[in-house]
Amino acid sequence: MSISIPSIPRPVNEPVRSYLPGSAERASIQREVAIQAAEVVEIPCVIDGVDVYTGRTVAVTMPSAHGHLLAHVHLAGPAEVERAVRASEQAREEWANLPWEARVGVFLKAADLLAGPWRDRVNAATMLGQAKTVHQAEIDAACELIDFLKFNCSFYRDILAEQPPEHSAGTWNRLEHRPLDGFVFAVSPFNFTSIAGNLACAPALAGNTVVWKPATTSALACWQLIRLLRAAGLPDGVVNVVWGHGPDVGDPVLARPELGGIHFTGSTGVFQGMWRTVGANIANYRQYPRIVGETGGKDFIVAHPSADPAALAVAIVRGGYEYQGQKCSAASRVYIPDNLWPEVRDRVRAMLGEIKQGDVRDLGNFVSAVIDERAFRRHQQYLELAHLDEVVAGGHAHGEVGWYIEPTFVRVGDPKCKLMAEEIFGPIVSAYVYPEAEWLHTLRLVDQTSPYALTGAVFARDRYAIQQATQALRGAAGNFYVNDKPTGAVVGQQPFGGGRASGTNDKAGAPHNLLRWISPRTIKETFVPPTDWRYGFLG
Ligand code: NAD
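In this text, all values refer to a predicted model and were calculated from it rather than measured experimentally.

A. Up close: the site of the ligand. S188, K213, S267, T295 and E423 are the nearest of the 27 residues found near the ligand. Between the ligand and K213, the relevant distance is 2.8 Å, taken from an oxygen atom to a side-chain nitrogen or oxygen of the residue. Contacts to the ligand include G266, whose backbone N or O atom sits 3.3 Å from an oxygen atom. Its free accessible area being 860 Å², the ligand has 87% of it covered by the protein chains. Of all the elements in the fold, those that place two or more residues in the shell around the ligand are α8 (246-254), β10 (261-265) and α9 (268-280). Two domains each donate at least three residues to the shell around the ligand, and these are domain 1 (27-295 + 503-523) and domain 2 (299-482).

B. View of the sheet that holds strand β20 (residues 455-459). Strand order in the open sheet formed by 7 strands is β14-β17-β18-β13-β12-β20-β21, with mixed pairing between adjacent strands. Lying at the two open borders of the sheet, with one neighbouring strand each, are β14 (390-393) and β21 (479-482). Across the sheet, the mean angle from the axis of one strand to that of its neighbour is 20°, orientation sign disregarded. Pairing geometry for strand β12 (residues 299-303) and β20, over 4 bridges, is parallel. Each residue of the ladder has a partner; that of V302, found in β20, is V458. Along the sheet, helix α14 (residues 439-448) contacts β12, β13 (331-337), β18 (428-434) and β20; its crossing angle with β12, the most-contacted strand, is approximately 180°.

C. Layout of the sheet that holds strand β5 (residues 65-74). Across the sheet, which stays open at both edges, the 3 strands sit in the order β1-β5-β4 with mixed pairing between neighbours. Each edge of the sheet is formed by a strand with only one pairing partner; in this case those strands are β1 (41-43) and β4 (57-62). Taken over all neighbouring pairs, the strand axes of this sheet differ in orientation by 40° on average, direction set aside. In this structure, β4 lies alongside β5, joined through 6 bridges in antiparallel fashion.

D. Molecular detail of the packing of α14 against helix α15 (residues 463-472). Between α14 and α15, the least distance of the axes is 10 Å, while the angle of their chain directions is 30°. One element, α14, and the other, α15, form an angle in the roughly parallel class. Every pair of crossing elements has a handedness; the one defined by α14 and α15 is right-handed. Counting all contacts with α14, which are made through W439, L440, L443 and D447, the residues of α15 involved are A465, Q468, A469 and A472.

About the thresholds
Residues numbered from 1 in each chain as written. Predicted model: local features only at pLDDT ≥ 70, side-chain atom pairs only at ≥ 80, totals over all residues. Heavy atoms only, no water. Near = heavy atom within 4 Å. Polar contact = N/O pair within 3.5 Å; in protein donor to acceptor, adjacent residues only side chain to side chain. Areas by Shrake-Rupley, 256 points an atom, 1.4 Å probe, with all protein chains shown as cover. Helix = DSSP H or I, 4+ residues; strand = E, 2+ residues; numbered from the N terminus. Domains from an automatic or database assignment. Pairing = 2+ DSSP bridges. Axes fitted to C-alpha atoms, helices over the stretch in contact; angles between N-to-C directions. Contact = heavy atoms within 4.5 Å. Parallel < 35°, antiparallel > 145°, perpendicular 65-115°, else oblique. Left-handed = near helix turned anticlockwise from the far one by under 90°.

Here's what the structure looks like:
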């Protein structure tokens, strides 16, 4: 029972540490990386606060040195999945009835722990397990997750204050912002520790309990997050973690009548499969499950003949290759007018020539390996396609030590070819060079080539051209950038999410998303109810 309406510390975006050579923060992260690299961790399922070691394990290795074992992850079977659902249901009432500010306290504390003593631990695990450079780990596992936690607490308080503006004479209207009437199934991808944490924490903040299935390839970092949430005081049973092959966990969870919602980030195909399963089970649920999914992308940069070639080339390199192109927002198809092509090509080629690729433990590397052998083999097939066109830079794969795909820049002849239309999710960027007179036609091509609509960017100095692109591509991206790369959305500044085949566009880290985990109850109270059934017009 709340007896006050406390304010919340005003959230500000977490400053990004620079890890400059010679700095204390650089020495500290390198120490932590060395400690974690020397261990092999046993990672259990966590059900009702209990670590469950099932003995059925998969190995987690370093993508940038795949002979290097990091962890054994203990997989859930049907019994553990059942226990996790039961634990979530049992914890629901007590967690939902906790005063909202007590729940907020857990997540604000988690944010401060992550900003302080846990920062290196979570960053180092993200570097080793997901092959992120120190900068990519810092902006993901530390800064973005801290921002998600802090901003969501503030948004949540604002939502609670939302009340009906009118009360007729003699009545009083209120809204209760209840959690959903069933547990939330959070399913997270390998590529962002911040997203993984947010998928579990956002519904929990709003009073829901959660069954969380992270990707096993992100297990090292997610295990640190689970321990961090415990340290922040998250009660047992509120977030229950089960590891496993997707359908082994997903199918039994989605069959449960108590399912209240799905909070998913991952590929389009998996999301569509889960939605189909929900559809097939729809008559069995206690309620209509809320379905929130952020999925694939085929993110574009379209340049007008007036664009600055130097800025465009840097956007291609940073937007296309950072984290090996494994960001859902990564620039993957580029449209360049023929007047700019020679300069842009040469600049991109020169930059890729300077970029170092290798083990994340060497902080001089700008890019590292792709996540696993499956991704590596898939990218090799795209490289074969690239060689049928014109490879401007890169083009080779090296799998002996780690899963390395060279940052590859391709010029394609057909603007609708696979390289321009399919999500690759690796360091392969394709460029189509269009005749500079065909700007408006090119905007239609951008809009119609791929089923996705996640991020996109226009580069132009001509203001009319910027306006034309902004309008013509209104449906082509949920996050649209003008003279900037299409990656790097910041919580509280550029709410993130896409439409079409890219997701339900519920904008992670924004009030739009939190509202999906709330089922409002309207309460109308009449102070002096009528005692005569007759209306005046009856005479
Ligand atoms: P993925 O779809 O292979 O896996 C995502 C999660 O779903 C994993 O935990 C996986 O085990 C689980 N899963 C698979 N089948 C399942 C099933 N039947 N039931 C329940 N869970 C199941 O994706 P990934 O390779 O981990 O991540 C890359 C994908 O994620 C890319 O397509 C990328 O665009 C997308 N992504 C999108 C965003 C966004 O905000 N739009 C952000 C990050 C990643």
